[in-house]
Amino acid sequence: MDFIQYKETFSHDAQKKGYLEQNIKRCLDYAEVLFAHDVPVIYNLTHLSLLVGYKKEFLKKAALYPKRYYRDFELLKKNGSKRLISEPLPSLKEIQIWILRNILYKVPISPFAKAYKPNISILENLKFHKNQPKVFTLDLEHFFPSIGFDVVEKEFLELGYSKMISKLLSKLCIRDGSLPQGAPTSPYLSNLIFKKADAVISDYCKQHKIRYTRYADDLSFSGDFDENKLLHKVTETVGKLNLRINKNKTKLMTPNTRQTVTGIVVNEKPQVVFHKRNELRQAMYYITKFGFEEHREYKEIDQKNYLEHLLGKINFVLQINPKDAEFIGYKTILIALKKKQDLKTMEDKLIPI
């Protein structure tokens, strides 16, 4: 339905219900802006409740007391520290997915942002930095926790939503005053909020013939440039968003060293770093020589989905380098093992006659 059709239908129904012309006009003026941005018209809490399929009372509680609607757990990071993950419970998660698909995905992000875009591979972030004189990577410190309520609300306001609806949508996406690591809306919102910074950084890079991409909180630059001037410009730009560069993760890589972007080697052709591929080689060697269960027992691996975990890592290697015959062979072995495992599970569930 386009806005002309919506206007005719809305006016007809509103007049039948006895709405005043000035109120009808005010509603249509509001709706026209939202139509222009290709996002759903939401007039009030009742209207949002009907759109997402949850009662008004639930939406109010989820917005006012978000802690009740998340489960927290920790993930171990590469450096040994822990990252707090706040995962929304299924009900709130369903509402956030509706917001993501029906509102947020309708808003374009920077072409230099390569993460959290539907149907986009990580290779999009790598191909720009292959065979370059310098590769310079920066990391944003505490990316999601540094993005607060006000900037999230601003995104909804700029689409044309009322103050009340913008506040409600923001509260449904925020926890403890910032973007929760684990909510489906957080990644795309971070892209939208960083859009202006992407524009400033990319303009500077174009002027100085620098290649630039951003994958979530990882900023990658390549070419021949003064890295100190670039670092000053980026630090100044992200500071306006209350963000900081993690100095411990700043890397300058020249051609005579291993150049990596988001953990992938980009010197000549994209390739998962050697030590990660070697870990997989060792695991597959022991599995093929001694057996899958024997390998798990010897290495004291109690991870229930260990086979799927290995398969996922091998699939990632093949995503970066699809013609890698060695890892294609490993994938074939694991798929065969998984089929046997699934068959045994089915047989164990059968009730004897």
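Details of the structure are given in the entry above.
Note that the coordinates shown come from a computational prediction; the quantities given were computed from them, not determined experimentally.

### Section: the overall build of the protein
Part 1 of the argument: Summing up its helical and strand segments, the protein has 15 helices and 10 strands in all.
Part 2 of the argument: Taking the principal axes of the C-alpha coordinates as reference, the protein spans close to 80 × 75 × 35 Å.
Part 3 of the argument: Buried positions account for 43% of the 353 residues belonging to the protein.
Part 4 of the argument: Put simply, of all contacts in the protein between residues at least 6 apart along the chain, 66% involve residues at least 24 apart.
Part 5 of the argument: Roughly 20700 Å² of accessible area belongs to the protein as shown, and the carbon and sulfur atoms make up 54% of that amount.
Part 6 of the argument: Side-chain charges of the protein comprise 59 positive and 41 negative groups, with the mean position of each set lying 1 Å from the other.

### A few points about the nonpolar core
Part 1 of the argument: Ranked by internal contacts, the top residues of the largest apolar core, which has 69 residues, are Ile99, Ile103, Tyr161, Leu172 and Phe221.
Part 2 of the argument: When neighbours within four sequence positions are excluded, Ile103 is seen to be in contact with Val39, Pro40, Ile42, Trp98, Phe156, Leu159, Tyr161 and Leu169.
Part 3 of the argument: Core analysis: the next-biggest nonpolar cluster, separate from the first, contains 18 residues, Met284, Leu307, Leu311 and Leu318 among them.

### Focus on the packing of aromatic side chains
Part 1 of the argument: For the coordinates displayed, the defined rule picks out 18 aromatic pairs.
Part 2 of the argument: Between the aromatic rings of Phe112 and Tyr212, the centroid separation amounts to 5.8 Å while the plane-to-plane angle is 25°, which identifies the pairing as stacked. Here Phe112 is found in the loop between helix H5 (90–102) and helix H6 (123–126), whereas its partner Tyr212 is found in strand S4 (residues 211–215), with 100 residues between them in sequence.
Part 3 of the argument: Taken together, the aromatic side chains of Phe3, Tyr6, Phe10, Tyr30, Phe35 and Tyr43 make up a single cluster linked through ring pairs.
Part 4 of the argument: Lying over the aromatic face of Tyr65, Arg68 brings its terminal NZ or CZ to 4.3 Å of the ring centre.

### Focus on the environment of Leu219
Part 1 of the argument: Assignment of secondary structure puts Leu219 in strand S5 (residues 218–223).
Part 2 of the argument: Taking relative accessible area as the criterion, Leu219 reaches 0% and is therefore assigned buried.
Part 3 of the argument: When the C-alpha atoms of Leu219 and Leu140 are compared, they prove to be 7.9 Å apart, with 79 residues separating the residues in sequence.

### Concerning the sheet that holds strand S10 (residues 271–272)
Part 1 of the argument: Sheet architecture is open: three strands sit in the order S8-S9-S10, paired in antiparallel fashion. Strand pairing shows two members of the sheet lacking a second neighbour, strand S8 (260–261) and S10, which therefore form its edges.
Part 2 of the argument: Both strand S9 (residues 264–265) and S10 contribute to a ladder of two bridges, which runs antiparallel. Bridging from a neighbouring strand, Ile264 pairs with Val272 of S10.

### Focus: unusual backbone geometry
Backbone geometry follows two general trends: most residues other than glycine have a negative phi, and most peptide bonds adopt the trans configuration.
Part 1 of the argument: Of note in this structure, His142 is not a glycine but carries a positive phi near 50°.
Part 2 of the argument: Among the structural elements, His142 can be located in the loop between strand S3 (134–141) and helix H7 (149–159).
Part 3 of the argument: Note on His142: relative accessible area 52%, which makes it exposed.
Part 4 of the argument: At Asn242, a position not held by glycine, the phi torsion is positive, near 65°.
Part 5 of the argument: Here Asn242 shows up in the loop between helix H11 (227–239) and strand S6 (244–245).

### Describing the pattern of salt bridges
Part 1 of the argument: A full pass over the atoms with the stated rule returns 14 salt bridges.
Part 2 of the argument: Two residues, Glu87 and Arg71, come together in a salt bridge whose shortest N-O distance is 2.7 Å. With Glu87 in strand S2 (residues 82–88) and Arg71 in strand S1 (residues 70–76), this pair connects stretches of sequence that are 16 residues apart.
Part 3 of the argument: Between Arg175 and Asp176 there is a salt bridge; the shortest N-O distance is 3.4 Å.
Part 4 of the argument: Using a relative accessible area of 9% as the deciding quantity, one classes Arg175 as buried.
Part 5 of the argument: Judged by relative accessible area, Asp176 falls into the exposed class, the value being 53%.
Part 6 of the argument: Via salt bridges that share partners, Lys67, Asp72, Arg175 and Asp176 belong to a single interconnected network.

### Remarks on the environment of Tyr69
Part 1 of the argument: Position of Tyr69 among the secondary structure elements: in the loop between helix H4 (56–64) and S1.
Part 2 of the argument: For Tyr69, a relative accessible area of 12% gives the class buried.
Part 3 of the argument: Remark: the alpha-carbon pair of Tyr69 and Glu32, spanning 37 residues in sequence, is separated by 34 Å.
Part 4 of the argument: Apart from the residues lying within four places of it in its own chain, the contact partners of Tyr69 are Phe58, Lys61, Ala62, Glu87, Pro88, Leu89, Ser91 and Leu92.

### Concerning a positive patch on the surface
Part 1 of the argument: A cluster of basic side chains, namely Arg83, Lys249, Lys251 and Arg258, defines a positive patch on the protein surface.
Part 2 of the argument: As for its placement among the helices and strands, Arg258 is situated in the loop between strand S7 (251–253) and S8.
Part 3 of the argument: Assessed through its relative accessible area of 48%, Arg258 is described here as partly exposed.

### Focus on the pairing of S3
Part 1 of the argument: The buried fraction of S3 amounts to seven of the eight residues, a majority that puts the element mostly inside the structure.
Part 2 of the argument: Relative to S5, S3 runs antiparallel, the two sharing six bridges. Looking across to S5, one finds that Lys134 is bridged to Gly223.
Part 3 of the argument: Across three bridges, S3 lies against S7 in antiparallel orientation. Bridge pairing in S7 links Val135 to Met253.
Part 4 of the argument: Here two bridges tie S3 to S6, and the two strands are oriented antiparallel to one another. Paired with Leu140 across the strands is Ile245, a residue of S6.

Reading the values: rules and limits
Residues numbered from 1 in each chain as written. Predicted model: local features only at pLDDT ≥ 70, side-chain atom pairs only at ≥ 80, totals over all residues. Heavy atoms only, no water. Helix = DSSP H or I, 4+ residues; strand = E, 2+ residues; numbered from the N terminus. Buried < 20%, exposed > 50% of the residue type's maximum accessible area, 1.4 Å probe, protein only. Contact = heavy atoms within 4.5 Å. Areas by Shrake-Rupley, 256 points an atom, 1.4 Å probe, with all protein chains shown as cover. Lys, Arg positive; Asp, Glu negative; His and termini not counted. Charge placed at Lys NZ, Arg CZ, Asp CG, Glu CD. Core = buried A, V, L, I, M, F, W, Y, C linked by side-chain atoms within 4.5 Å. Phe/Tyr/Trp six-rings, centres within 6.5 Å; stacked < 30°, edge-to-face > 60°. Lys NZ or Arg CZ within 6 Å of the ring centre and 35° of its normal. Pairing = 2+ DSSP bridges. Salt bridge = Lys/Arg side-chain N within 4 Å of Asp/Glu carboxyl O. Patch = residues over 30% accessible without salt bridge, like charges linked within 9 Å, V, L, I, M, F, W, Y side chains within 5 Å.

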